[in-house]
Amino acid sequence: MKLWALIPELILGGLCLVLVPLAGWVRGQWRVLPGLMALLGMLACLVATARMLSWQPVMAFHGSYALDGFAHVFKLIIELSSLMTVALLMIYFRGRSQQAPAAVAVMFATLGAVGLASSRDLGLIVLFFQMMSMASYVLVALERCHRPALEAALKYFIYAGVALAIMAYGLTFLYGLTGSLNLQTIGSGLRDADGLWVTLALILILVGYGFEITLAPFHVWAPDVFAGATAPVAGFLAVVPKAAGMAALLRFMLEGMLGEMAGWPLWLAIGAAVTMTLGNLIALRQNHLKRLLAWSSIAHAGYLLMTVAVAERETGALAAIGYYLAGYLFMTLGAFAVGAHLERATGSDSYEALRGLSQHAPGTAGVLALCLLSLAGIPPLAGFAGKVFLLAAVLEGEMIGLAVIAVINMTLALYYYVKIIAEVYLYSPVQVYSMPMKKDYLALYSSCLAGILGLGIWPGPLLALLEVMG
Amino acid sequence: MLSLTIFLPLATALVVLILPRSRPFLIRWVALAGALLAFTAALGLLTGFDAARPGLQWRATLPWIPPVNAAYDVGVNGFSLALILLTAWLLVTVMVYVLRNDDRPKGHAALFLLMATGLLGVFAAQDLLLFYLFFEVGLVPMYFIIGLWGHEDRRYAAMKFFLYTRAASLAILLSFLALYLLMEPHTFSLPTIIEAQPLAQGSTAGGWIMLGMLLGFGVKLPTVPLHNWLPDAHVEAPTEGSVMLAGIQLKMGAYGLLAIMLPTMPRVMLEYAWLLLALALISLVYGALAALAQQDLKRLIAYTSINHMGYIMLAAALAVLAPTASVQALALNGGIYQIISHGLLTGGMFFAVGVIQDQTGTREMGRLSGLSRQATVFSLLTGVLVFGSLGLPGLSGFIGEFQLLGAAVSWNFGVAGVTLAALVITTGLYLRIVISVLWGEPHAQAAAMREPEGRKLAILGSLTILSLLLGILPSWLLGIIRETTRGLAAG
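Because the structure is a prediction, the values reported are computed rather than measured. Counting restarts for each chain, with residues numbered from 1 along the sequence as it is written. Just so you know, chain letters begin at A and ligand numbers begin at 1, following the order they were written in. In view of the model being predicted, local features appear only for residues whose pLDDT reaches at least 70, and side-chain atom pairs are presented and counted only at 80 or more, with totals across whole chains, interfaces and linings using the full set of residues. To get the side-chain values, all heavy atoms of the structure are used, and hydrogens and water are removed first.

## Structural notes on the overall build of chain A
Keep this limit in mind: Runs of H or I in DSSP of at least four residues are treated as helices and runs of E of at least two as strands, each being numbered from the N terminus. Values of the radius of gyration come from C-alpha atoms, whereas the globule rule sets the reference at 2.2 Å times the count of residues to the power 0.38. Here a residue-residue contact requires only that any non-hydrogen atoms of the pair lie within 4.5 Å. Surface accessibility follows the Shrake-Rupley procedure with a 1.4 Å probe radius. Residue values consider only the protein chains on display as shielding. Think of it this way: Lys and Arg go in the positive column, Asp and Glu in the negative one, and His and the chain ends go nowhere. To locate a charge, the coordinates of NZ of Lys, CZ of Arg, CG of Asp or CD of Glu are taken.
From N to C terminus, chain A includes 20 helices and two strands. Computed over C-alpha atoms, the radius of gyration of chain A comes to 21 Å, within 12% of the 23 Å expected from 2.2 N^0.38 for 470 residues, which places it in the range of a compact globule. Structurally, chain A occupies a C-alpha span of about 70 × 55 × 40 Å along its principal axes. Residue pairs in contact within chain A that sit at least 24 positions apart in sequence constitute 81% of those at least 6 positions apart. Surface accessibility of chain A: about 16000 Å² in total, with carbon and sulfur atoms responsible for 67%. One way to put it: in chain A the 24 positive side-chain charges average out to a point 12 Å from where the 22 negative ones average out.

Structure below.
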């Protein structure tokens, strides 16, 4: 095995080790240092991962860790999201004491997420899940003097602990049935296993995965945690655990539950339909941006899950998921970046603070509008192309009813996205505040817009690249 | 050249966006120049168009999303060329109309130009995914136009417009995706799909795909019972928005019905033509009766749009049901003529209502009377538009209705009877406009009416002259669309 193939993990792990003491040590102006190092590290990871896209798949550590196209694509998505989150966190916490620990926590969470994309071993899966979750609690609790943040962190901690424990319990069933922790061995071993036990194990395991990707009914933590956390952290939670969870779920189903074992596509399809409908229905009644985006991210998890449900029968599904996540990261992080900007300027993310934003800050308002239109799936933005590919995969996978439910949901979702755009553009402001467009925000916004527009207008190159996934 | 026509407005919009905010007139003039350039380019398309040659011309293709076989593929036939010319000219008139308006000119001009690119693209796209993309680019700016520059209840109307039309688009998208997946190898290419005819008669998939498209295009057309968004959108939209909405946007539905639905699934349509026919007749009668009940002049014209679009639906139904190809072609000719004529006449009437409202501050028909005494030229031009709409011979509206009625008579007297009844109601309706608004003793509020500025008269004049020309020399437009209708009828 080539050690080179582990370069991203090594960089992330090494940086984590260096940054922990460094973050505790830096004072004053030096607080930016861990963040800068994290940025550089993520950048190096991105380059290294991108270089590996064309490599032949490698199985490391006796087949328990896969370095294949599938993993590389998810790693790219995760690393890019983390890179942007670190940048946003540094802007958000500029000159405050949280700046240093925030960067470190993101690094840990990213290492966990990246590891999940490659893990083919039950032990590793649990380990990396825990690593990602632990770092996320820290991120949520960054604002130590902010009561809602602490409540949110506690809630997150308890829910995650229970969900992951249930999942681990389910995983032990698989070990009991097959005597192996390796997904591939489990996949072949389960052929002669008792269907009832497999179904029971599947349900228990789905609790854990469902928690990370906010599959209903295991999504209840998300809105409160998002609302309690700061906007950059909420953005991170909306993207990275979801992408990592999707990667882990896909690998688990495709390698460990071969031949649609225990009817998992149907389970996932039902879960997807419930998740998107619930997410959209509740999002209709929100009146805070972060809460709304939390519910909308639950709905988006539903769209993605319906494609996971057809992943085994339809080869194009993987590329569709990869594409959607790539677009999703830009539009979601863009929207949360605006949320962060607004939170700093007004101290609130309510619709009232958003009202008339186009008059205070036309540029920021434009970014928010484009991100929301993209989330709503309006062409020629990334969200549109993504939805087309998802729907095409689901139709091709012959789950036509599910596709129709998704389309009805997308119509429903229009209402709340457009409601915000209406607040921003069609009403006069109620609060007076200034929200200057600084260079750092401008850079972040432009990269989000470039992603949204670029992927939307010219999806060909990325789709061609995503062929390495299957 | 075709791509140039499509993207000139977009390029102008980008130029407008970088112009300084402090120079509203510069922005307006640049926008107008861009519109004129686009119209010139469209005229260039016309001069290079060989009307005797069937099939697509000015075709340009470029790979767009190779993994799913979607391409940037544009081309025109006679029908789409006529619509492109209409779009480009209405864009010019809109830009002339708003020339002195400096209410946030930057966003206003940019949105209209962006919308124009979407609309022009819709009529040229030969790839279903590209069609959908342009379709949405044509729609979304209208939300902002209604919401930002509209009247009192603009936010409500804008939201309603957006939700209705987007839900409709998603139904279209699902149908397109289903068509794409039925093709082997998968493709979005419209000519390929038309040639391959993937849908058999009596197939369940065919029924669903047909319903999806009917729902989508029916909302946009709009046909009863999917028309509910239209009156609100029209009443709340600013004048120039109403003109683009009635003049062009409704035609996207008509175009989709005639140029996409009919040729891609003629055998399925044969099964469901009764549905189209029923919707058409209901829209014809309902639109006319509902218009009769209106007091608000703008709302009245909005309802007559529903009636007029009923003719298009009727044309689509007749094009399938009529026994001979010549009657089918007659119905299609009538439908397409009606589409173009409605764009000119209703566009013009919305301009006229805008002028009236600007000057008198009301659209209530009860408070408007005797306008002809205050503004003779304006009333004359408006009168011609009104008579054109009621189908007076010599004006463009007559040709379309006449051909459709002819096709209906030669197929079924009952259908012709209902059409004629609707025609009688609308005649009364339009005469009411002439009598109570233009003629008679001036109402106190109408005393504020003055002859509008020259540029507004020029807009109205250009539309009446075009309507007259099309009414007197129908062979000109019929010549352009002949090969298209022949192809559609033969399919």
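So, next bit.
## Let's talk about the nonpolar core
All names here are of chain A. Threshold: Side-chain atoms within 4.5 Å are what join buried Ala, Val, Leu, Ile, Met, Phe, Trp, Tyr and Cys residues into a set we call a nonpolar core. Partly exposed residues are those whose accessible area sits between 20% and 50% of the maximum for their type, while under 20% is buried and over 50% is exposed, using a 1.4 Å probe and protein chains only.
Formed by 403 residues in total, the largest nonpolar core has its most connected members in Phe 74, Leu 174, Phe 252, Met 257 and Leu 391. Ranked by residues supplied to this core, first place goes to helix α13 (residues 316-346) with 20 residues. Here Met 257 is in contact with Leu 174, Leu 190, Val 198, Leu 202, Phe 252, Trp 264 and Glu 312, once residues within four sequence places are set aside.

## Thoughts on the state of the cysteines
Convention followed: The criterion for a disulfide is a pair of cysteine sulfur atoms lying within 2.5 Å.
Per the counting criterion, the structure on display carries zero disulfides over all chains. With no disulfide of its own, Cys 448 of chain A has Cys 371 of chain A as its nearest cysteine by sulfur position, at a separation of 5.9 Å.

## Details of the pairing of strand β2 (residues 70-76) of chain B
The condition that has to hold: We treat two strands as partners when DSSP finds at least two bridges between them.
In terms of residue burial, β2 of chain B counts as a mostly covered element, since seven of its seven residues are buried. Between the antiparallel neighbours strand β1 (residues 57-65) of chain B and β2 of chain B lie four residues, among them Asn 69 of chain B with a positive phi of about 60°.

## Describing the interface of chain A and chain B
In plain terms, the rule: The term buried area denotes the loss of accessible surface (1.4 Å probe radius) that occurs when two parts are joined, taken as the sum for both partners. In protein, a polar contact requires one atom able to donate a hydrogen and another able to accept it; more generally it is a pair of N or O atoms within 3.5 Å, and residues adjacent in sequence count only if both atoms are side-chain atoms. Residue type decides the class: Asp, Glu, Lys and Arg count as charged, Ala, Val, Leu, Ile, Met, Phe, Trp, Tyr, Cys and Pro as nonpolar, and the leftover types, Gly among them, as polar.
Each partner contributes residues to the interface: chain A has 34 residues there, and chain B has 31 residues. Approximately 2800 Å² of surface area, both sides summed, lies buried where chain A meets chain B, with 83% of it carried by carbon and sulfur atoms. Linking chain A with chain B are six residue pairs in polar contact (both at pLDDT 80 or more), by the criterion used here. Every element with two or more residues in the side of chain A that touches chain B is listed here: α16 (362-376), α17 (382-396), α18 (400-426) and α20 (460-466) of chain A. Considering each element in turn, the side of chain A that touches chain B owes the most residues, 13 residues, to α18 of chain A. Looking at the side of chain A that touches chain B residue by residue, the classes come out as 28 nonpolar, three polar and three charged.

## With respect to the environment of Leu 258 of chain A
Residues and elements named next belong to chain A. Mapping Leu 258 onto the fold places it in the loop between α10 (231-256) and α11 (264-283). By relative accessible area, which is 30% here, Leu 258 ends up partly exposed. Residues Leu 258 and Met 84 lie 174 residues apart in sequence; the distance between their C-alpha atoms is 36 Å. Ignoring any residue separated from it by four or fewer positions in sequence, one finds Leu 258 in contact with Gly 187, Arg 191, Met 253 and Glu 312.

## Notes on the packing of aromatic side chains
The following threshold applies: Aromatic rings from Phe, Tyr and Trp, taking only the six-membered ring of Trp, are treated as a pair when their centres fall within 6.5 Å; an angle between ring planes under 30 degrees marks them as stacked, one over 60 as edge-to-face, and anything in between as tilted. Placement of a positive charge over a ring is assigned whenever Lys NZ or Arg CZ falls within 6 Å of the ring centre and within 35 degrees of the normal to the ring plane.
For the structure shown, the criterion picks out 36 aromatic pairs over all chains. Between Phe 7 of chain B and Phe 134 of chain B the ring centres are 6.2 Å apart and the planes differ by 50°, which places this aromatic pair in the tilted class. Of this pair, Phe 7 of chain B sits in helix α1 (residues 2-18) while Phe 134 of chain B is found in helix α5 (residues 128-149), placing the two residues 127 residues apart along the sequence. The class of Phe 134 of chain B is buried, set by a relative accessible area of 3%. Taken together, Tyr 137, Tyr 156, Phe 157, Phe 211, Trp 221, Phe 226 and Phe 336 of chain A form an aromatic cluster joined through their ring pairs. Across the ring face of Tyr 92 of chain A, the terminal group of Arg 344 of chain A is positioned such that the distance to the ring centre comes to 3.9 Å.

## Looking at helix α3 (residues 69-92) of chain A
One turn of the α-helix equals 3.6 residues, which is why residues spaced by three or four share an orientation. Note the cut-off: A helix is expected to span 1.5 Å for every residue after the first.
Here α3 of chain A is 24 residues long and its end C-alpha atoms lie 34 Å apart, about the 34 Å a rise of 1.5 Å per residue gives. Among the 24 residues in α3 of chain A, 23 count as buried, and that is most of the element.

## Re the UniProt feature "domain: NADH:quinone oxidoreductase/Mrp antiporter transmembrane" (unreviewed entry) in chain A
Here is the rule: UniProt positions are given in the numbering used here, feature names are shortened, and annotations may be inferred rather than shown by experiment.
Per the UniProt record, the feature "domain: NADH:quinone oxidoreductase/Mrp antiporter transmembrane" (unreviewed entry) sits at residues 119-410 of chain A. For residues 119-410 of chain A, helix accounts for 79% and strand for 0%, while the C-alpha atoms at its two ends are 33 Å apart.

## Details of the side chain of Lys 387 of chain A
Cut-off, in case you're wondering: For salt bridges, the criterion is a side-chain nitrogen of Lys or Arg within 4 Å of an Asp or Glu carboxyl oxygen.
Examined against the element boundaries, Lys 387 of chain A turns out to sit in helix α17. In this structure, Lys 387 of chain A is buried with no salt-bridge partner, the nearest side chain bearing the opposite charge being Glu 136 of chain B at 11 Å. Not counting chain neighbours up to four residues away, the residues in contact with Lys 387 of chain A comprise His 300, Tyr 303, Tyr 324, Ser 374, Leu 375, Ala 376, Gly 377 and Met 410 of chain A.

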